[in-house]
Amino acid sequence: MSRDSFGSRLGVLLAMAGSAVGLGNLWRFPYLVGENGGAAFIIIYLICVCFICLPIFISEFVIGRRSQKNAYAAFRDLSGGSAWRWAGLMTVIVPLIVTSYYCVIGGWAFAYLFKSCTFSFTGEASQAAVSTMFSSFVSSPWSPVICQALFLLATTLIVIIGIKDGIERFSKLMMTLLFVIVIAIAVYASTLPGAGAGFEYLFKPDFSKVTGESFAAALGQAFFSLSLGFGTIMTYASYVDKKDNVLFQSSATAIADTMFALIAGMAIMPAVFAFGINPQSGPGLVFETLPYVFGQMPGGGLIAILFFLALIVAALTSSISMLEVGVAYLIEEKKFNRTKACVALFLLCWVVGLFCALSFGPLADVKLAGRSIFDFFDNLSSNILMTLGSLLTVLFVGWRLKKTDIYDEFTNGGTISTNVKVFGVLWFLIRYVAPVAIIVIFISGLL
Ligand code: PHE
């Protein structure tokens, strides 16, 4: 049976950017920038992206496209059947864990889109009231569970349709919509009186706020935001045409992801500051602070609808990329057909996600290693397994595979002159800089 593949270069770029642009850009990046010295942090972030994450991204790309296989088989076949296959298996399992809890948040976004359409936050008297609305929603035994199932169902349906007709078509359409919405909100937010304080928070360079932790925060954020160490880029790359340019696609994705994060900051922070509120990170920002701000703003009803729509779109284009990793594995290794693979993984992620969804309410007292079920999975996958996955990927490419094969894949057999010129630097970054930086920053994060 012939393998499905992407239909166009733009499709590849938007699917990869779709995977990269997600909750990480909307609810964590703007906050991290503000907390860690504005433009000073942005510079550190850009250095991490260029010198550490881009080489890892390219490594994943090369593994995927060279093998034209799912992540497990890619590691297995390229290493001649060695124990490296277990690294591949890990990159298949991790995204499934993440899909399970990512869909919980996606479900919340569904619920909040509904709340926005019914103008639930309009004119709400205090931020505390909006926070109570959120805590009673997430702790209820039904609504979050139903919403999580709906979000996962939407993810699964897109993946069932396939790479070109499902993932590529959806990502192309939705990424365009996403950029338009977020730019429109950013333009509107900049006109609010008092918005300047938000821009100052984001962009005023303050090197005194940069600490050792800022580096770990920048690198961790760059990993998560570029979807590294999860087998997603590898899997998408396995559907990419051999004539495509690895360097161009990888850099364009990194640029789109970073630009989106900055625009998201410009959409969110000026609005938050215009209402004299201190920004938070994560769910608190998106489901407590912002709904309150929208409720106070002129025209905020419409902005809320657009914002939650953007949140859903950003999360969906990421979750489909995670699900595809496991689907590719089941189709190629276990001989499932696409529909059966999707249904099997839907059920698996639904059950795991159910526990995550309930861990804010009925299962709040269940602790794993001292954390709630949701936090346990989040911490395990986004902090530990993701870093490990990225480290193994660069070690695999830099130390296990043949330099000539990597050169061949990266330069399309020596035919792309820019790639030929930069290969030496890239090889050095993959072999030495990226692994050392990952280890140093990971250990410093543990101390
Ligand atoms: N990059 C996505 C985000 O920023 C998350 C993600 C991680 C998606 C890993 C796919 C794989 O939210």
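Predicted, not measured: the structure shown is a model, and the values here were computed from it. Along every chain, residues carry numbers that run from 1 in the direction the sequence is written. Per-residue local features of the predicted model are confined to residues with pLDDT of at least 70, and side-chain atom pairs are confined, for both listing and counting, to 80 or more; whole-chain, interface and lining totals are unaffected and use all residues. Hydrogen atoms and water are omitted, and side-chain values are computed over all heavy atoms in the structure.

**Q** What am I meant to see in the packing of helix α5 (residues 85–117) against helix α13 (residues 283–296) here?
**A** The angle between the axes and the distance between the axes are what describe a pair of packed helices. Angles shown run from 0 to 180 degrees and are taken between the N-to-C directions of axes, each axis being a line fitted to C-alpha atoms and, for helices, limited to the stretch in contact. Numbering goes from the N terminus for both helices and strands, where a helix is a DSSP run of H or I of at least four residues and a strand is a run of E of at least two. It is at 11 Å that the axes of α5 and α13 come closest, and there the two elements cross at 10 degrees. Viewed along their axes, α5 and α13 adopt a mutual orientation that is roughly parallel. From α5, I105, W108, A109 and Y112 reach across to α13, where they touch P283, F287 and P291. In this classification, the charged set is Asp, Glu, Lys and Arg, the nonpolar set is Ala, Val, Leu, Ile, Met, Phe, Trp, Tyr, Cys and Pro, and all remaining amino acids, among them Gly, are polar. Split into classes, the residues belonging to the contact of α5 with α13 amount to 7 nonpolar, no polar and no charged. In what follows, roughly perpendicular refers to angles from 65 to 115 degrees, roughly parallel to angles under 35, roughly antiparallel to angles over 145, and oblique to any angle outside these ranges. Note on contacts: a residue pair is in contact if any heavy atoms of the two residues lie within 4.5 Å.

**Q** How should the packing of helix α3 (residues 39–67) against helix α12 (residues 246–274) be read in this particular structure?
**A** Where α3 contacts α12, the axes come no closer than 9 Å and their chain directions differ by 140 degrees. The angle between α3 and α12 places the two elements in the oblique class. Considering only the axes of α3 and α12, their crossing is right-handed. Every residue of α12 that contacts α3 at I42, Y45, L46, V49, L54, F57, I58, F61, V62 and R65 is listed here: V246, L247, Q249, S250, S251, T253, A254, D257, T258 and L262. Its residues assigned to classes, the contact of α3 with α12 shows 13 nonpolar, 5 polar and 2 charged. Working rule for handedness: look at the near helix, and if it is turned counterclockwise from the far one by less than a right angle, call the crossing left-handed; if clockwise, right-handed.

**Q** Explain the confidence of the model for the chain here, please?
**A** Low-pLDDT stretches of the model should not have their predicted coordinates read in fine detail. Along the chain, pLDDT gives the predictor's confidence residue by residue, from 0 to 100. The share of residues in the chain with pLDDT of 70 or more is 99%, and the mean pLDDT across the chain is 94. The spread of mean pLDDT over the elements of the chain runs between helix α10 (residues 212–225), the lowest at 89, and helix α11 (residues 232–237), the highest at 98.

**Q** What is the right way to look at the layout of surface pockets in this model?
**A** If you roll a probe as big as a water molecule over the atoms, it shows you where there is empty space left. A cavity here means a set of points on a 1 Å grid, drawn over the protein atoms and nothing else, where a 1.4 Å probe fits but cannot get out; a pocket is an open set with protein on both sides within 12 Å along at least five of seven lines, and a residue lines either one if it has an atom within 4 Å of a point. Grid points are joined across faces, edges and corners, and a volume is the space filled by probe spheres set on the points. What the largest pocket holds in volume is close to 1100 Å³. Along its surface, the largest pocket is lined by 35 residues, and R28, G220, N379, S382 and N383 are the ones closest to its centre. Secondary-structure elements contributing two or more residues to the lining of the largest pocket are α2 (23–35), α5, α10, α16 (373–400) and α18 (417–446). When residues in the lining of the largest pocket are grouped by element, the largest group, 9 residues, is from α16.

**Q** Explanation requested: the site of the ligand in the structure shown.
**A** Summary of the distance rule: residues count as near a molecule or strand when at least one heavy atom falls within 4 Å of that molecule or strand. Around the ligand, the structure places 15 residues, and the nearest of them are A20, L23, G24, Y102 and F224. In protein, a polar contact means a hydrogen-donor-capable atom and an acceptor-capable atom, both N or O and within 3.5 Å, with residues adjacent in sequence counting only if both atoms are side-chain atoms; elsewhere, any N or O pair within 3.5 Å suffices. The side chain of N25 places a nitrogen or oxygen atom 3.3 Å from an oxygen atom of the ligand. S225 places a main-chain nitrogen or oxygen 3.1 Å from a nitrogen atom of the ligand. Note on areas: these come from Shrake-Rupley sampling with a 1.4 Å probe, and a residue is covered only by the protein chains present in the view. Its free accessible area being 320 Å², the ligand has 100% of it covered by the protein chains. If over half the atoms of a molecule are within 2 Å of the grid points of a cavity or pocket, the molecule is regarded as sitting in it. According to the grid-proximity analysis, the pocket containing the ligand is the largest cavity. Counting residues per element, the ones that place at least two in the shell around the ligand are α1 (9–20), α2, α10 and α14 (300–333). Across the shell around the ligand, the residue classes break down as 6 nonpolar, 9 polar and no charged.

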